[in-house]
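The residues making up each chain are set out below.
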Amino acid sequence: MLDVGVNLTHEKFSKDRIEVVLRARTAGITGMIIISSTVSDSRQSIMIAKQDTKYFWCTVGVHPHYAYTWSKESRTEICKLINEPSVVAIGECGLDFYRSFSTRKQQVYVFQEQIELAVEFSMPLFLHCRDAHQCFMSILKPWLPNLRSVLLHCFTGTRSELELCLEYDISIGVTGWICDPYRGRELSKLIPLIPSNRLLIETDAPWLFPKDIQLVSAKKRNEPCFLPHIMETVAKLRKDDITELSQKIINNTCNLFHLA
Ligand SMILES: [Zn+2]
């Protein structure tokens, strides 16, 4: 089982990153993609990935929250980092109109820049979209025929949004959001509608702790070791055999990111 979205460079992991990875291995996680939110983050992700090239891969890119940090140098720097062997996608990039830490104009510009890079370098795109579906799709659509592969990570949209993504062959990343009895109710109903060849799973750790796990610690920090719990929930919702589904999802992950 591979965790395709771990914010392993996040400061919440700075004190015990080694233990977090150890717990993940013990829980049966056979590899992870470290996702980046800024250019400096991207450099750090690559550094961590180099420590075990058979276990870690990473993305390079700028999250919509940090679109305001983008400059010409960011593009040049990302172009350089793409050549690192551990880099498997551009991202996470996209739009977030829920928090709007950067202006919409900045977010749109930085999203377009990174789509262009993905096309230019023939790299998969690792996408984030929150409360911005219409704008997001209108920017992305014209590029789709030229994009190698696309993952919309941490999908939290509606049924019609999901259907549109699937129509355009966008793969869907599912997180522990579905384990939240309140926020995850709508999404849980959509899980059986995702074709098994379009489905990927991720924790988005340290975010999105699966709320139905009883944890003694008050921290409630999410970790990759909770991925099997998400996997079980997904299989249950789809009434699928967990072993078969896990294998399919591993294949999807390897195909989408061209993992060796
Ligand atoms: Zn995200």
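No experiment lies behind these values; they were computed from the predicted model shown. (Residues numbered from 1 in each chain as written. Predicted model: local features only at pLDDT ≥ 70, side-chain atom pairs only at ≥ 80, totals over all residues. Heavy atoms only, no water.)

Visitor: Sorry, what's going on with the packing of helix α2 (residues 39–50) against helix α3 (residues 72–81) here?
Guide: Helix packing geometry: the angle between the two helix axes and the distance between the axes. The contact between α2 and α3 brings their axes to 10 Å, and the two run at 15 degrees. Relative to α3, the element α2 is oriented roughly parallel. Crossing handedness for the pair α2 and α3: left-handed. For the pair formed by α2 and α3, the contact residues are Val39, Ser42, Arg43 and Ile46 on the first element and Ser74, Glu77, Ile78 and Leu81 on the second. Taken together, the residues of the contact of α2 with α3 sort by class into 4 nonpolar, 2 polar and 2 charged. (Axes fitted to C-alpha atoms, helices over the stretch in contact; angles between N-to-C directions. Helix = DSSP H or I, 4+ residues; strand = E, 2+ residues; numbered from the N terminus. Parallel < 35°, antiparallel > 145°, perpendicular 65-115°, else oblique. Left-handed = near helix turned anticlockwise from the far one by under 90°. Contact = heavy atoms within 4.5 Å. Nonpolar A, V, L, I, M, F, W, Y, C, P; charged D, E, K, R; others polar.)

Visitor: Help me understand the coordination of the zinc ion in this model?
Guide: Tetrahedral coordination by four donors puts the ideal angle at the metal at 109.5 degrees, and octahedral coordination by six puts it at 90 or 180 degrees. Note on the zinc ion: its protein donors are Glu92 (OE), His128 (ND1) and His153 (NE2). The metal-donor distances range over 2.1 to 2.2 Å. Of note, the donors binding the zinc ion are all from one chain and are spaced E-x35-H-x24-H. Here His128 lies in strand β5 (residues 125–130) and Glu92 lies in strand β4 (residues 87–96), a separation of 36 residues in the sequence. For the pair Glu92 and His128, one class covers both residues: buried. (Donors = N, O, S within 2.8 Å, 3.2 Å for Na, K, Ca; no water. Buried < 20%, exposed > 50% of the residue type's maximum accessible area, 1.4 Å probe, protein only.)

Visitor: Would you explain the sheet that holds strand β1 (residues 2–6) in this entry?
Guide: Working definition: the strands of a sheet are paired by backbone hydrogen bonds and lie parallel or antiparallel to each other. Spatial ordering of the open sheet is given by β1-β2-β3-β4-β5-β6-β7-β8, a layout of 8 strands whose pairing is parallel. Strands at the two margins of the open sheet, each flanked by one partner only, are β1 and β8 (199–201). Strand-to-strand twist of the sheet, defined as the mean angle between neighbouring strand axes without regard to direction, takes the value 30 degrees. Of the pairings in the sheet, the one linking strand β3 (residues 56–60) to β4 comprises 3 bridges and is parallel in character. Bridging from a neighbouring strand, Val60 pairs with Ile90 of β4. Contacting β2 (31–34), β3 and β4, α2 crosses the sheet at an angle of about 165 degrees to β3. (Pairing = 2+ DSSP bridges.)

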